[in-house]
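Observations on chain architecture
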Protein chains: 2
Amino acid sequence: MNDSFLRDFRVMSTFGATDGGGVERQAASLADGENRAWFTGWLVDNGFTVKVDAIGNIFGLLEIVPGAPYVVIGSHLDSQPLAGRFDGAYGVLAGAHAARAAAASIVAGVVPARFNLAVVDWFNEEGSRFKPSMMGSAVFTGMLPVDKALSTTDPTGTTVAEALDGIDGRGSFGGLDVAAYLEIHVEQGRELEDTGTTIGLVATTWMAHKLEVVVTGEQSHTGAARMVDRRDALYGAAELIVAVRRLIDGFEPEQLHTAVSEMYLDPNSPVAIAREVRMLVDIRSPERGILETAVERLRAHMTEIEATARVEIEVRGLVEWSSGPFLEEGLVLAAAEAERLGYSHRRSATVAGHDATNMKEVVPTVMLFVPSVDGISHNEREFTSDDDMLAGLKVLTAVLTRVASGALTATDADAVALSSDARA
Amino acid sequence: MNDSFLRDFRVMSTFGATDGGGVERQAASLADGENRAWFTGWLVDNGFTVKVDAIGNIFGLLEIVPGAPYVVIGSHLDSQPLAGRFDGAYGVLAGAHAARAAAASIVAGVVPARFNLAVVDWFNEEGSRFKPSMMGSAVFTGMLPVDKALSTTDPTGTTVAEALDGIDGRGSFGGLDVAAYLEIHVEQGRELEDTGTTIGLVATTWMAHKLEVVVTGEQSHTGAARMVDRRDALYGAAELIVAVRRLIDGFEPEQLHTAVSEMYLDPNSPVAIAREVRMLVDIRSPERGILETAVERLRAHMTEIEATARVEIEVRGLVEWSSGPFLEEGLVLAAAEAERLGYSHRRSATVAGHDATNMKEVVPTVMLFVPSVDGISHNEREFTSDDDMLAGLKVLTAVLTRVASGALTATDADAVALSSDARA
């Protein structure tokens with residue numbers, strides 16, 4: 001299992017490979033399409049039945065208990081621009097290998113089974129090309145209407161539907177009865193590495209507020225307009241970005257994460273002051289109180305900046321991710337399996353969103369982390385060692401086998417019917 | 001002359017017309033091409049011989065003194081995005097009408113002539129699509145090599161050569177012996193309006209430094225990366241934009257103009273911190289000492305921001321515009337003509353660059369302004385009244401007639417051979 005996993009992972013890392021040792025496979029790009037096609041072939045070669053749903057999620061089914069609900073395991077194959085090769089892809093491939101191994105044990109009669117197994121590649125987890133992130137799992141769990149997702153456009157105006165059709169990426173799969181969900185991912189932080197731990201048991205998710213902010217000024221001549229007459233949207237935006245960053249000074253270290261990383265200017269001319277700037281403000285905290293205080297302070301800064309820069313600042317959209325615990329029984333189960341296999345483990349919090357964050361709202365969900373060197377993420381230099389990837393795969397396989405035997409879900413009736421098909 | 005000028009101006013304002021009452025005719029765009037085609041037709045219909053040179057400057061020639069050098073008059077037909085309909089277009093059309101009227105007087109024997117007349121539409125004065133601005137006149141005066149200009153790309157990678165070919169906009173005109181240059185333009189400031197003056201006599205140009213700045217950070221996860229580990233290029237850029245704006249606080253009001261209006265981010269993803277931001281910093285002053293002090297202070301801020309934001313800030317390119325007086329004899333001549341025609345006048349400084357700023361370095365040059373309501377410029381709401389446009393046209397025609405009679409240039413030998421053709 002070790003050799004074949006590492007070999008497959010190296011093959012997968014060639015799709016959309018970048019000069020800097022990473023990958024670039026934004027959702028429904030050519031490289032994402034190539035990787036999906038290769039993964040689909042792998043599933044077929046390994047006895048999975050492949051189904052694709054209306055939002056482009058790829059499912060590989062192993063029906064080993066005829067008619068029973070499914071334990072779903074997976075992550076996402078899409079990436080950020082100039083990204084690392086582990087984020088998402090590791091979890092999908094580890095899920096596929098774990099499902100293949102668990103099914104073999106079950107079919108051989110080594111362990112009993114209550115549920116079928118399905119590996120999934122969730123469409124557009126990253127959200128770099130099409131917002132929001134975690135799109136495929138949001139549609140599948142009913143949090144985002146499929147029509148709204150399909151009509152979302154990228155910055156060039158291409159819709160999700162058009163982009164998916166361009167890689168032959170849409171299907172008509174009607175969905176599954178889901179008994180539980182499992183996901184493994186690289187940590188994208190340093191806690192495991194700093195504490196010398198191999199397996200992270202994801203216990204909580206940070207909360208996040210994502211504010212779509214529009215700063216409106218007035219277009220004028222960059223050189224000729226009098227300074228007192230200017231209503232410079234980019235200057236207002238810059239004051240706001242600085243205010244967003246300085247919010248953290250009012251709290252304990254690492255209790256608040258803030259950033260602006262996406263921004264569009266009109267007209268973006270060297271000689272015409274920006275009339276409008278659109279940007280996304282990302283504020284996260286493990287504590288609701290801290291997050292709400294931070295957002296309140298930011299709104300006060302916005303009012304000040306409106307006066308200073310003579311602009312209008314409007315919050316047009318707000319996406320909130322609630323924090324919330326993962327299932328306690330899942331944490332206990334995963335800790336026991338890690339312990340049994342001899343790997344160090346500790347409870348982790350995830351700052352980043354994951355498809356598991358959506359799935360845990362509807363079905364029993366277990367999420368595992370393996371270490372990221374220096375916590376580097378969304379960067380070509382992201383790195384997780386082969387040993388850590390294989391340790392994660394072993395624990396994941398063990399947990400999957402237990403969950404497929406009914407460790408977290410008592411009866412078929414506890415399964416939840418999920419689908420990306422609005423007609424289902 | 002009044003009716004036909006206003007009628008032609010209204011027709012011209014339909015090319016690339018915007019819903020907001022302005023125009024959008026960026027250099028070598030479809031709308032620029034349509035406007036150029038219409039203007040070329042106007043020139044032919046009015047007896048001009050049309051020539052286009054290697055960088056897309058359009059010349060309309062009236063050879064009334066066989067073999068003599070030319071007095072050139074004009075401005076530019078291209079515009080900023082969502083721009084006013086007066087900036088540039090007024091000067092080209094006023095130049096054409098002035099040349100037609102002056103030639104008629106000369107041919108009728110009312111006034112003597114020493115020189116021929118040429119009206120010009122300079123290519124890409126605005127520089128919003130292709131940098132640098134004032135490209136056509138820079139090539140024609142030998143300040144910018146034609147090959148370098150033709151290979152310049154817009155943000156989508158299209159070259160000037162490709163864009164010009166797309167509107168059939170390049171020719172092989174070998175150039176002219178130029179005796180003098182005249183240009184009229186809307187003020188893009190408020191001084192004429194505030195002082196109730198009809199004609200501005202441009203006496204000086206502000207100096208400008210345009211710094212191409214690259215801020216380099218490191219791409220990482222917008223949510224997950226620890227704040228202390230971040231090297232956020234957009235945060236660094238925002239601190240720099242704020243510092244650029246606050247530079248003005250150290251000087252007397254309106255002695256320093258500063259702005260950033262163009263910026264590109266990589267990767268510009270909602271979930272990946274920017275690894276690189278490229279922007280143009282525009283700093284202008286009438287006084288060399290103020291400008292140099294401001295740039296020095298800005299460089300000190302850059303060093304501070306490099307430490308605060310953990311980024312690198314590099315100034316990759318620097319364009320300097322020198323200030324400098326316009327020809328004193330030209331100012332005296334234009335003042336006398338305005339006076340004779342009964343229009344109020346005063347000496348003006350131009351903060352914006354103009355093709356006249358390039359031309360005045362090589363030939364005797366006169367530049368006139370007419371008022372801009374509220375000084376609004378590079379904006380659809382830019383406005384100059386019909387009366388002011390017609391007053392400008394009258395004074396321009398009078399000055400052109402005098403200059404064509406040899407008022408500023410003593411002999412043919414004082415003319416300068418200029419060309420956009422590198423082989424000429």
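Please read all numbers here as calculations on a predicted model, not as lab measurements.

As a further point, take the overall build of chain A. A tally of regular secondary structure across chain A gives 12 helices and 14 strands. The C-alpha radius of gyration of chain A comes to 23 Å, within 12% of the 22 Å expected for a compact globule of 424 residues. Here the C-alpha coordinates of chain A stretch approximately 80 × 45 × 45 Å along the principal axes. Split into buried and exposed, the 424 residues of chain A put 58% on the buried side. By sequence separation, contacts in chain A at least 24 residues apart represent 78% of the contacts at least 6 residues apart.

Another aspect to go through is the relation of the copies chain A and chain B. With an axial shift of 0.0 Å and an RMSD of 0.1 Å, the rotation relating chain A to chain B amounts to 180°. Seen this way, the second copy is the image of the first under a two-fold rotation axis. Proximity to the rotation axis, assessed at the C-alpha, singles out Ala-238 of chain A in chain A; its C-alpha lies 2.2 Å from the axis. Taken together, the interface assignments show that 100% of the residues at the interface of chain A recur at the interface of chain B, consistent with an identical surface on both copies.

Moving on, we get to the pairing of strand β7 (residues 207-216) of chain B. Residue and element names in this part refer to chain B. The buried fraction of β7 is high, at 7 of 10 residues. With 10 bridges joining them, β7 and strand β9 (residues 276-285) adopt antiparallel strand pairing. For Val-213, the partnering residue across the bridge sits in β9 and is Met-279.

Tallying the contact residues gives 58 residues for chain A and 58 residues for chain B. Mapped by element, the contributors of at least two residues to the side of chain A that touches chain B are α8 (233-246), β8 (257-266) and β9 (276-285) of chain A. Of the residues in the side of chain A that touches chain B, the class split is 26 nonpolar, 19 polar and 13 charged.

With that settled, consider the sheet that holds β7 of chain B. Residue and element names in this part refer to chain B. The strand order across the open sheet built from 4 strands is β8-β9-β7-β10, with neighbouring strands paired in antiparallel fashion. Of all the strands in the sheet, the pair left with one neighbour each is β8 (257-266) and β10 (312-321). Pairs of neighbouring strands in the sheet enclose a mean axial angle of 15°, with direction left out of account. Helix α9 (residues 288-309) rests against β7, β9 and β10 of the sheet, and its axis sits at about 155° to β9.

Residues and elements named next belong to chain A. Along its 14 residues, helix α10 (residues 328-341) runs 20 Å from first to last C-alpha, staying within 8% of the 20 Å computed at 1.5 Å per residue. Every buried residue of α10 is listed here: Gly-330, Leu-333, Ala-334, Glu-337 and Ala-338. Along the long axis of α10, the arc covered by the buried residues comes to 130°, so they all point the same way. In α10, the exposed positions that point more than 90 degrees away from the buried face belong to Glu-328, Glu-329, Val-332 and Arg-340. Downstream of α10 by a residue or two, Gly-342 has a phi angle that is positive, lying close to 85°.

The next point concerns the sheet that holds strand β10 (residues 312-321) of chain A. Residue and element names in this part refer to chain A. Strand order in this open sheet of 4 strands is β8-β9-β7-β10, and the pairing throughout is antiparallel. Each having just a single partner strand, β8 and β10 make up the two edges of the open sheet. Each strand axis lies, on average, 15° off the axis of its neighbour in the sheet, ignoring direction.

Residue and element names in this part refer to chain A. Most of strand β5 (residues 176-186) sits out of view: 10 of its 11 residues are buried. Taken together, the 3 bridges between β5 and strand β14 (residues 416-418) define a ladder with antiparallel strand orientation. Note that in β14 the partner of Leu-176 across the bridge is Leu-418. Here β5 runs beside strand β13 (residues 365-370); their pairing, made up of 6 bridges, is parallel.

Another point: the environment of Phe-5 of chain B. Residue and element names in this part refer to chain B. Tracing the chain through its elements places Phe-5 in helix α1 (residues 2-12). C-alpha separation for the pair Phe-5 and Val-202, spaced 197 residues apart in sequence, amounts to 23 Å. Setting aside residues no more than four positions away along its own chain, Phe-5 makes contact with Leu-93, His-97, Leu-390 and Leu-393.

Another aspect to go through is the packing of α8 of chain A against helix α9 (residues 288-309) of chain A. All names here are of chain A. Running from N to C, α8 and α9 cross one another at 150°; their axes reach a closest spacing of 10 Å. The pairing of α8 with α9 is recorded here as roughly antiparallel in orientation. Between α8 and α9 lies a crossing of right-handed hand. Contacts from Tyr-235, Gly-236, Glu-239, Leu-240, Ala-243 and Val-244 of α8 reach α9 at Leu-298, His-301, Met-302, Ile-305, Thr-308 and Ala-309. Of the residues that constitute the contact of α8 with α9, the class distribution is 8 nonpolar, 3 polar and 1 charged.

A separate point is the domain arrangement of chain A. In terms of domains, chain A is made up of domain 1 (2-206 + 323-418) and domain 2 (207-321). In this complex, domain 1 of chain A contributes 9 residues to the contact, which on the side of domain 2 of chain A involves 9 residues.

Residue and element names in this part refer to chain B. The N-to-C vectors of α1 and helix α3 (residues 89-107) enclose an angle of 145°; their axes lie 11 Å apart at closest approach. Where α1 crosses over α3, the handedness of that crossing is right-handed. Where α1 approaches α3, its residues Phe-5, Asp-8, Phe-9 and Met-12 are matched on the opposing element by Ala-89, Leu-93 and His-97.

On to the confidence of the model for chain A. Mean pLDDT over chain A works out to 95, with 99% of the residues at or above the 70 mark. Both scores are given for the predicted complex: the pTM is 0.88, the ipTM 0.88.

Let us now look at the environment of Asp-421 of chain A. Residue and element names in this part refer to chain A. Residue placement: Asp-421 occurs in the segment after β14. Along the primary structure Asp-421 and Gly-175 are separated by 246 residues, whereas in three dimensions their C-alpha atoms are 7.3 Å apart. Sequence-distant contacts of Asp-421, defined by excluding residues within four places in its chain, comprise Asp-53, Ala-54, Ser-172, Gly-174 and Gly-175.

What follows covers helix α12 (residues 386-404) of chain B. When the terminal C-alpha atoms of α12 of chain B are compared, their 26 Å separation across 19 residues agrees well with the 27 Å that a helix rising 1.5 Å per residue should span. A positive backbone phi angle near 100° is found at Gly-406 of chain B, which sits one or two residues after α12 of chain B.

This paragraph deals with the environment of Val-311 of chain A. Residue and element names in this part refer to chain A. For Val-311, the position within the fold is in the loop between α9 and β10. Residues Val-311 and Asp-78, spaced 233 residues apart in sequence, show a C-alpha to C-alpha distance of 37 Å. For Val-311, the contacting residues outside a window of four places in its chain are Val-215, Thr-216, Gly-217, Arg-231, Ala-233, Gly-236 and Glu-306.

Each value, and the rule that gives it
Residues numbered from 1 in each chain as written. Chains lettered and ligands numbered in written order. Predicted model: local features only at pLDDT ≥ 70, side-chain atom pairs only at ≥ 80, totals over all residues. Helix = DSSP H or I, 4+ residues; strand = E, 2+ residues; numbered from the N terminus. Rg over C-alpha atoms; globule rule 2.2 N^0.38 Å. Buried ≥ 20, exposed ≤ 12 C-beta atoms within 10 Å, placed from the backbone. Contact = placed C-beta atoms within 7 Å. Least-squares fit on C-alpha atoms with pLDDT ≥ 70 in both. Pairing = 2+ DSSP bridges. Nonpolar A, V, L, I, M, F, W, Y, C, P; charged D, E, K, R; others polar. Axes fitted to C-alpha atoms, helices over the stretch in contact; angles between N-to-C directions. Expected span 1.5 Å × (residues − 1). Arc of directions from axis to C-beta. Parallel < 35°, antiparallel > 145°, perpendicular 65-115°, else oblique. Left-handed = near helix turned anticlockwise from the far one by under 90°. Domains from an automatic or database assignment. pLDDT = per-residue confidence, 0-100.

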